[in-house]
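Structural characterization, general
As a plain string of letters, each chain reads:
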Amino acid sequence: AQSVTQLDSQVPVFEEAPVELRCNYSSSVSVYLFWYVQYPNQGLQLLLKYLSGSTLVESINGFEAEFNKSQTSFHLRKPSVHISDTAEYFCAVSKKGSQGNLIFGKGTKLSVKP
Amino acid sequence: NAGVTQTPKFQVLKTGQSMTLQCAQDMNHEYMSWYRQDPGMGLRLIHYSVGAGITDQGEVPNGYNVSRSTTEDFPLRLLSAAPSQTSVYFCASSLDREGGQPQHFGDGTRLSIL
């Protein structure tokens with residue numbers, strides 16, 4: 001079985017500061033890794049994903065995540081956050097060939113303060 | 001392009017009542033799923049479908065039924081509502097069955113059981 005641990009439930013940070021949201025996973029089989037973002041009163045949107053190849057993946061709005069197989073981690077980073085990045089972020093995994101079923105972490109609420 | 005549409009957006013029920021949460025997608029996706037989101041719990045898979053006529057249970061299926069008579073629609077039925085089913089429900093769809101494609105989420109149905 002797979003499981004996902006997001007180590008911080010809340011992360012407050014000032015605008016233009018760097019941020020790292022941590023995610024560790026456990027699985028005995030190969031998995032795909034995802035970060036989703038949820039803005040208030042909305043559904044989830046894909047932020048970025050790791051399927052294979054380069055271990056560093058980037059999103060169009062400046063976030064990046066690095067897959068570390070030895071540490072079973074997929075931490076999300078941004079060098080300079082904006083007020084508009086305030087949202088809840090979910091790390092998720094799916095087992096390869098598993099009909100796409102996602103296992104989610106419990107989420108990290110990012111609050112960006114002016 | 002509507003994507004994934006969920007109705008209703010809000011609903012209040014009394015214990016013991018039944019209701020159906022509707023989900024429709026216009027992207028011709030084979031894979032569809034239902035998740036519930038509870039504070040501090042992340043999202044948990046209720047039921048999923050890999051195509052018309054095929055459904056299966058997820059992590060928390062008790063108290064819920066689903067059917068998939070068409071590719072577009074995937075309704076979720078609460079047979080006898082209980083306060084423990086108070087939650088936000090999300091429907092999602094995906095292009096493939098292998099787990100690597102991102103899932104598209106609806107905006108959710110906020111359900112309160114009194």
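Now for a look at the structure at hand. (Residues numbered from 1 in each chain as written. Chains lettered and ligands numbered in written order. Predicted model: local features only at pLDDT ≥ 70, side-chain atom pairs only at ≥ 80, totals over all residues. Heavy atoms only, no water.)

Regarding the overall build of chain A
Of regular secondary structure, chain A possesses zero helices and twelve strands. Taken over C-alpha atoms, the radius of gyration comes to 14 Å for chain A, in line with the 13 Å a tight globule of 114 residues would show. Along the first, second and third principal axes, the C-alpha atoms of chain A reach 45 × 30 × 25 Å. Out of the 114 residues belonging to chain A, those deemed buried represent 46%. Of all intrachain contacts in chain A linking residues separated by at least 6 positions in sequence, the fraction that spans at least 24 positions is 57%. Of the accessible surface of chain A, which amounts to about 5600 Å², a share of 48% is contributed by carbon and sulfur atoms. If you average the places of the 10 positive and of the 9 negative side-chain charges in chain A, the two averages end up 11 Å apart. (Helix = DSSP H or I, 4+ residues; strand = E, 2+ residues; numbered from the N terminus. Rg over C-alpha atoms; globule rule 2.2 N^0.38 Å. Buried < 20%, exposed > 50% of the residue type's maximum accessible area, 1.4 Å probe, protein only. Contact = heavy atoms within 4.5 Å. Areas by Shrake-Rupley, 256 points an atom, 1.4 Å probe, with all protein chains shown as cover. Lys, Arg positive; Asp, Glu negative; His and termini not counted. Charge placed at Lys NZ, Arg CZ, Asp CG, Glu CD.)

Observations regarding the pairing of strand β6 (residues 54-57) of chain B
Residues and elements named next belong to chain B. Sheet analysis places strand β5 (residues 42-51) next to β6, joined by three bridges and oriented antiparallel. Residue pairing across strands places Gly51 opposite Ile54, the latter belonging to β6. Hairpin connection of β5 to β6: two residues between the antiparallel strands, including Gly53 at a positive phi of 85°. (Pairing = 2+ DSSP bridges.)

Digging into the environment of Thr20(B)
All names here are of chain B. Residue position: Thr20 is located in strand β3 (residues 19-25). Through-space distance from the C-alpha of Thr20 to that of Glu98 is 29 Å; in sequence the pair is 78 residues apart. For Thr20, the contacting residues outside a window of four places in its chain are Pro75, Leu76 and Arg77.

Focus: the pairing of strand β9 (residues 87-94) of chain B
Residues and elements named next belong to chain B. Among the eight residues that make up β9, eight are buried, leaving the element largely enclosed by the rest of the structure. The sheet contact formed by strand β4 (residues 31-38) and β9 spans seven bridges and is antiparallel. Paired with Gln37 across the strands is Val88, a residue of β9. One ladder, built from three bridges, connects β9 with strand β11 (residues 109-113); its direction is antiparallel. Note on β11: the bridge partner recorded for Tyr89 is Thr109. Inspection of the sheet shows β9 paired to strand β10 (residues 104-105) by two bridges, in the antiparallel sense. Looking across to β10, one finds that Ala92 is bridged to Phe105.

What about the environment of Ser30(A)?
Residues and elements named next belong to chain A. Residue position: Ser30 is located in the loop between β4 (23-26) and β5 (31-38). A relative accessible area of 46% means that Ser30 is categorised as partly exposed. As a C-alpha pair, Ser30 and Lys95 span 65 residues in sequence and 6.2 Å in three-dimensional space.

Considering the interface of chain B and chain A
Facing the 22 residues of chain B at the interface are 25 residues of chain A. Taken together, both faces of the contact between chain B and chain A bury some 1800 Å²; the carbon and sulfur share is 53%. Scanning the region where chain B abuts chain A turns up zero salt bridges. Taken together, the links from chain B to chain A amount to four residue pairs in polar contact (both at pLDDT 80 or more). Going through the elements one at a time, β4 and β5 of chain B are the ones with two or more residues in the side of chain B that touches chain A. Per element, the largest residue contribution to the side of chain B that touches chain A is five residues, and it comes from β5(B). Residue composition of the side of chain B that touches chain A, grouped by class: ten nonpolar, eight polar and four charged. (Buried area = accessible area lost by both parts, 1.4 Å probe. Salt bridge = Lys/Arg side-chain N within 4 Å of Asp/Glu carboxyl O. Polar contact = N/O pair within 3.5 Å; in protein donor to acceptor, adjacent residues only side chain to side chain. Nonpolar A, V, L, I, M, F, W, Y, C, P; charged D, E, K, R; others polar.)

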